[in-house]
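Residues per chain are reported as follows:
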Amino acid sequence: MSDISSEIHRRRTFAIISHPDAGKTTLTEKFLLYGGAIQSAGAVKGKSSDRHATSDWMEIEKKRGISVTSSVLQFEYEGYCINILDTPGHQDFSEDTYRTLMAADSAVMVIDAAKGIEPQTRKLFKVCAMRNIPIFTFINKLDRDARDPFDLIDELEKEFGIGTYPVNWPIGCGVDFKGVYERDKKSILAFREFHSGRKRVSGVECDINNVEQMDALIGPYAREALVEQIDLLDGACFDFDLEKVRTGKLSPVFFGSALNNFGVEAFLERFLQMSSEPLAHESEGEVVDPKDENFSAFVFKIQANMNKAHRDRIAFMRICSGKFERGEEYWHTQGAKAIKLSQPQQMMAQEREIIDTAYAGDIIGVFDPGIFSIGDTVCTKSKKIKYAGIPTFAPEHFAVVEQIDSMKRKQFAKGMTQIAQEGAIQIFFEPGSGMERVVVGVVGVLQFDVLQFRMDSEYGVKYHKQDLPHQYIRYVDNEDADDAYMSSLRLMQSTRWVKDVKGRNLLIFVGDYEITWALDKNPGLKLSEFNQNC
Ligand code: G4P
């Protein structure tokens, strides 16, 4: 195998998703411990202490104790090179999360065993399902009281419409948690000790048919209950089918306790066997082989001012094919220009490191002088390609934002434009108004706080904000939709006409009844959903 092929072959790139508090950070931390990438538990995040996740780049995150932006971590384990894309669990940052999922080849879904599927898990799952990416489920916190495992897998299957394959099965829960039964080995891994730190829990393996040893380990009552449950499970559940796993139709399910390090290594090992190496991406109808030696990547996230001292702006790219080499001149498809990617870096656990090479599957951050937009392609000059953009989600909250200090007009325009380019907000203009008054649309309301904080701290601008009651936005698709046509439309009083940065006409509505009203009163009016590519 060539250098490129073997490097790509050993790569795995997955996103870790969950509803807040299900244990995503704890599980990530344990993965990093196994990879030797961090030395102590609590290094990734200590919410109740003053430690903060490696992803807590922004002041606001520290203040709120939530992770706003997605972070990327890389570590080595048993010959594999693993990229984890951490996703913010907070519901207000769903758009950033959605984009992150575009850069992953599979997803690890962490579920709290006492709660089952929660709203954020539901939303995230839908995006994974849209892309048919494999989903591996880790049902966490078995050391606490949990719901019936049959109920939990039933819920997954019914709500998500996919099959599940429990790779292991819990024996009790809470104070009665005795361990897990490993279905392929037909043996149990007994839960012996509580360790939340660096030490691995060394479970004791035992053949399920060895009654004496089983009774000694988990007691006759738990053994009998287990045998009954396994019978039921073997009869009722789906057969294992790797092809179905890899196309997102069957989710392998694991039970464990991230905090106690129980079931984590077994999960990691099975995950690495079942997940695939970096997947191919499409460029204008053509499938690009990840092992093609020509480098190509797309930008899925732009983060400004990660380091206040440098006032930098970083574009995160997912490498889709070939090998990246520092200092090489590449082609920026959307800018139609040759560029050198400066300060290419990767998050290696705690540190950002400048790197010389990276391969398909890897995520690199590069210094962005303001030329990149989300969805842009960067590739080798000799083989120009263009990856499909990343869909933008329709904003659901709107506000009119107006600058206060006319001396800061430039900073206001710059800040609004840059933050909009990053994709954190959408900006619109009311016909006739200039850059000093914009309509801001966001997917989650917390993004308004982030905007205000960043405009103040990074651009030195304060503004006046008036929340709007609007919730729906539609493009006006009629070809002859000029200003005269727009002004002639019969609309309810609360419906507002705005333009996007490209001058396209849109309408924003308070309720969906207004949309029906507009369509009824204006025969021929064509409205389309807001899901443009950035
Ligand atoms: P998140 O990233 O999905 O939001 O969840 P996180 O890992 O931060 O975990 C949320 C809380 O659940 C944390 O407690 C964490 O210690 C706890 N937790 C995670 N996995 C397990 C588990 O397997 N068993 C039990 N019992 N608890 C678990 P916290 O009190 O909010 O924070 P901290 O004081 O532990 O940092």
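Residues numbered from 1 in each chain as written. Predicted model: local features only at pLDDT ≥ 70, side-chain atom pairs only at ≥ 80, totals over all residues. Heavy atoms only, no water.

Moving on, we come to the pairing of strand 24 (residues 397-403). Regular strands place side chains that alternate from one sheet face to the opposite one. With respect to burial, strand 24 is a largely interior element, five of its seven residues being buried. Two strands pair when backbone bridges link them, and strand 24 and strand 26 (residues 437-442) are joined in this way by six bridges, in the antiparallel orientation. Within the sheet, the bridge partner assigned to Phe398 lies in strand 26 and is Gly441. Of the pairings in the sheet, the one linking strand 24 to strand 27 (residues 463-468) comprises six bridges and is antiparallel in character. In the sheet register, Phe398 faces strand 27, and the bridge partner there is Leu468. (Buried < 20%, exposed > 50% of the residue type's maximum accessible area, 1.4 Å probe, protein only. Helix = DSSP H or I, 4+ residues; strand = E, 2+ residues; numbered from the N terminus. Pairing = 2+ DSSP bridges.)

Moving on, we come to the packing of aromatic side chains. Throughout the structure, instances matching the rule amount to 20 aromatic pairs. Centre to centre, the rings of Phe298 and Tyr387 are 6.2 Å apart; their planes meet at 65 degrees, and the pair counts as edge-to-face. Of the two residues, Phe298 is situated in strand 14 (residues 296-304) and Tyr387 in the loop between strand 23 (377-379) and strand 24; the sequence distance between them amounts to 89 residues. Grouped by ring-pair contacts, the aromatic residues Phe14, Phe31, Phe136, Phe138, Phe254, Phe267 and Phe271 constitute a single cluster. Positioned above the aromatic ring of Trp331, the side-chain terminus of Lys384 is 4.0 Å from the ring centre. (Phe/Tyr/Trp six-rings, centres within 6.5 Å; stacked < 30°, edge-to-face > 60°. Lys NZ or Arg CZ within 6 Å of the ring centre and 35° of its normal.)

Mapping Asn505 onto the fold places it in strand 30 (residues 505-509). In this structure Asn505 comes out as buried when scored by relative accessible area, which is 6%. In sequence terms Asn505 and Val476 are 29 residues apart; their C-alpha atoms lie 5.7 Å from each other. When neighbours within four sequence positions are excluded, Asn505 is seen to be in contact with Arg474, Tyr475, Val476, Ala481, Asp483, Met486, Trp497, Val498 and Lys499. (Contact = heavy atoms within 4.5 Å.)

Looking now at the side chain of Arg99. Position of Arg99 relative to the elements: it lies in helix 4 (residues 94-102). For Arg99, a relative accessible area of 3% puts it in the buried group. Setting aside residues no more than four positions away along its own chain, Arg99 makes contact with Phe300, Ile374, Ile390, Glu422 and Gly423.

By size, the foremost hydrophobic cluster in this structure holds 111 residues, and its most contacted members are Phe31 and Phe372. Two domains each put at least three residues into this core: domain 1 (3-177 + 239-274) and domain 2 (281-389). Filtering out sequence-adjacent residues up to four positions away, Phe31 remains in contact with Phe14, Ile16, Phe75, Ile84, Val264, Phe267 and Leu268. (Core = buried A, V, L, I, M, F, W, Y, C linked by side-chain atoms within 4.5 Å. Domains from an automatic or database assignment.)

The final tally for this structure, using the stated rule, is 29 salt bridges. Glu182 serves as the salt-bridge partner of Arg270, at 3.9 Å between the closest nitrogen and oxygen. Of the two residues, Arg270 is situated in helix 10 (residues 264-274) and Glu182 in strand 8 (residues 179-182); the sequence distance between them amounts to 88 residues. Taking relative accessible area as the criterion, Glu182 reaches 4% and is therefore assigned buried. Members of the salt-bridge network, linked through shared partners, are Glu7, Arg10, Arg11, Glu76 and Asp362. (Salt bridge = Lys/Arg side-chain N within 4 Å of Asp/Glu carboxyl O.)

Attention now goes to unusual backbone geometry. A positive phi angle, close to 65 degrees, is found at Asn261, a residue other than glycine. Note on placement: Asn261 falls in the loop between strand 11 (250-255) and helix 10. You will see that Ala336, though not glycine, has its phi angle at about 50 degrees, which is positive. With respect to the helices and strands, Ala336 occurs in the loop between strand 17 (329-332) and strand 18 (337-340).

Below, the discussion takes up helix 8 (residues 220-236). Taking 1.5 Å per residue as the helical rise, helix 8 with its 17 residues ought to reach 24 Å, and the 24 Å between its terminal C-alpha atoms agrees with that figure. Among the residues of helix 8, those classed as buried are Ala222, Arg223, Leu226, Ile230 and Leu233. Angularly, the buried residues of helix 8 cover 95 degrees about the axis, an arc narrow enough to put them on a single face. Seen from the buried face of helix 8, the exposed residues on the opposite side, beyond 90 degrees, are Tyr221, Glu228, Asp231, Leu232, Gly235 and Ala236. Looking at the packing, one finds that the buried side of helix 8 touches helix 6 (149-160), strand 6 (163-166), strand 7 (168-171), strand 8, strand 9 (187-190) and helix 7 (211-218). (Expected span 1.5 Å × (residues − 1). Arc of directions from axis to C-beta.)

Should the pLDDT be low somewhere, the predicted coordinates at that spot are not to be read in detail. Confidence in the prediction of the protein, expressed as mean pLDDT, is 84, and 86% of residues score 70 or more. Note on residues 40-70: pLDDT is under 50 here. Beyond four places in sequence and across chains, it has 82 contacts. Every residue in residues 194-200 is under pLDDT 50, and counting partners more than four places away or in other chains gives 22 contacts. (pLDDT = per-residue confidence, 0-100.)

For the rest of this paragraph, the subject is the side chain of Ser276. Along the chain, Ser276 turns up in the loop between helix 10 and strand 12 (281-283). Look past the residues within four positions of Ser276 in its chain and what remains in contact with it is Arg11, Arg12 and Arg246.

The sheet built from seven strands is open, its strands ordered 2-3-1-4-5-11-6 with mixed pairing. Two strands in the sheet have a free side with no partner beyond their single neighbour: strand 2 (71-77) and strand 6. With direction set aside, neighbouring strand axes in the sheet form an average angle of 25 degrees. Pairing of strand 1 (residues 11-18) with strand 3 (residues 80-86) involves six bridges; the strand directions are parallel. When the sheet's bridge partners are listed, Ala15 is paired in strand 3 with Leu85. Relative to strand 5 (residues 135-140), helix 10 is tilted by about 170 degrees, and along the sheet it contacts strand 1, strand 2, strand 3, strand 4 (106-112), strand 5 and strand 11. (Axes fitted to C-alpha atoms, helices over the stretch in contact; angles between N-to-C directions.)

Here we come to the pairing of strand 4. For strand 4, the buried fraction is high: seven of the seven residues fall into the buried class. Side chains of strand 4 alternate between two faces, with Ser106, Val108, Val110 and Asp112 and Ala107, Met109 and Ile111 buried alike. One ladder, built from five bridges, connects strand 1 with strand 4; its direction is parallel. Counted as the bridge partner of Ile17 is Met109 from strand 4. In terms of strand pairing, strand 4 meets strand 5 through six bridges, oriented parallel. Bridging across to strand 5, Val108 finds its partner in Phe136. Handedness of the crossover joining strand 4 and strand 5 through helix 5 (residues 119-130): right-handed. (Right-handed = clockwise from strand over helix to strand, strands pointing away.)

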